[in-house]
Amino acid sequence: MEGWFEWAHPRKPVVRDGKLYGRGGADDGYAAFVCICMLKFLQSKAVKMPRIVIICEGDEESGSTHLMPYVDKLRDRIGTPKICFCMDSGTLDYEHFWVTTSLRGAIVFELTVKVSDSAIHSGSGSGAIPSP
């Protein structure tokens, strides 16, 4: 694999000189760490918190195909979240707190539109309704 240390494996973590090396460890590993640090900080300040569920998913570069089966399987344990945060976003600098209001993604669905059972006069439909 190009751009990878010869001694490191592209899909298995390796410990070398007391450091953990793993693919995606620098860009994806922070989310779980940030969540845990945030909870520890709030606990240290005795902030009252609701029940919190953290789901760490690392397949986002491949379409997150494993996420929903896990969510479905654990639905009884997860419950119904009132709010959801995504910890995989960007910043323009480290001096400000950044909030992302939308994320890119993919959605696949089939849309069926029924327009008319009979022909419509062009003056009534203005060409916007196709003939059956």
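## Concerning the overall build of the protein chain
For step 1, the next point in the chain: Broken down by element type, the protein chain carries 4 helices and 2 strands.
For step 2, the next point in the chain: When the elements of the protein chain are put in sequence order from the N terminus, they spell out β-β-α-α-α-α.
For step 3, the next point in the chain: Of all 132 residues assigned to the protein chain, the portion counted as buried reaches 8%.
For step 4, the next point in the chain: Considering only contacts within the protein chain whose residues lie at least 6 apart along the sequence, 22% involve residues at least 24 apart.
For step 5, the next point in the chain: Carbon and sulfur atoms form 58% of the exposed surface of the protein chain, whose accessible area is close to 12500 Å².

## Description of the environment of V34
For step 1, the next point in the chain: Structurally, V34 can be placed in helix α1 (residues 30-44).
For step 2, the next point in the chain: Between the C-alpha atom of V34 and that of M87, which follows or precedes it by 53 residues, the distance is 8.2 Å.

## Observations concerning unusual backbone geometry
For step 1, the next point in the chain: The backbone phi angle of D17 is positive, close to 55°, even though this residue is not glycine.
For step 2, the next point in the chain: Along the chain, D17 turns up in the loop between β1 (14-16) and β2 (19-21).
For step 3, the next point in the chain: The exposure class of D17 is exposed, given its relative accessible area of 73%.
For step 4, the next point in the chain: Although it is not a glycine, A46 adopts a positive phi angle of roughly 55°.
For step 5, the next point in the chain: Considering the arrangement of structural elements, one finds A46 in the loop between α1 and α2 (67-73).

## Some points on a nonpolar patch on the surface
For step 1, the next point in the chain: A surface patch of nonpolar side chains, about 540 Å² in accessible area, is lined by F33, V34, I83, F85 and M87.
For step 2, the next point in the chain: Relative to the elements of secondary structure, F33 occurs in helix α1.
For step 3, the next point in the chain: Owing to a relative accessible area of 58%, F33 belongs among the exposed residues under this scheme.

## Focus on the pattern of salt bridges
For step 1, the next point in the chain: The tally for this structure, following the rule as stated, stands at 1 salt bridge.
For step 2, the next point in the chain: The salt bridge partner of D72 is R75, with a shortest N-O separation of 2.4 Å.
For step 3, the next point in the chain: Classification of D72 by relative accessible area gives partly exposed; the value is 43%.
For step 4, the next point in the chain: Under the relative-accessibility criterion, R75 is labelled partly exposed at 44%.

## Quick notes on the confidence of the model for the protein chain
Detailed reading of the predicted coordinates is not advisable wherever pLDDT is low.
For step 1, the next point in the chain: Predicted confidence across the protein chain gives a mean pLDDT of 78, with 77% of residues reaching 70 or more.
For step 2, the next point in the chain: Averaged pLDDT values for the elements of the protein chain fall to 62 in helix α4 (residues 122-125) and rise to 92 in helix α3 (residues 75-78).

## Structural notes on the state of the cysteines
For step 1, the next point in the chain: Summed over the entire model, instances satisfying the criterion amount to 0 disulfides.
For step 2, the next point in the chain: Unpaired in terms of disulfides, C35 finds its nearest cysteine sulfur in C56, a separation of 6.4 Å.

Parameters and conventions
Residues numbered from 1 in each chain as written. Predicted model: local features only at pLDDT ≥ 70, side-chain atom pairs only at ≥ 80, totals over all residues. Heavy atoms only, no water. Helix = DSSP H or I, 4+ residues; strand = E, 2+ residues; numbered from the N terminus. Buried < 20%, exposed > 50% of the residue type's maximum accessible area, 1.4 Å probe, protein only. Contact = heavy atoms within 4.5 Å. Areas by Shrake-Rupley, 256 points an atom, 1.4 Å probe, with all protein chains shown as cover. Patch = residues over 30% accessible without salt bridge, like charges linked within 9 Å, V, L, I, M, F, W, Y side chains within 5 Å. Salt bridge = Lys/Arg side-chain N within 4 Å of Asp/Glu carboxyl O. pLDDT = per-residue confidence, 0-100. Disulfide = S-S within 2.5 Å.

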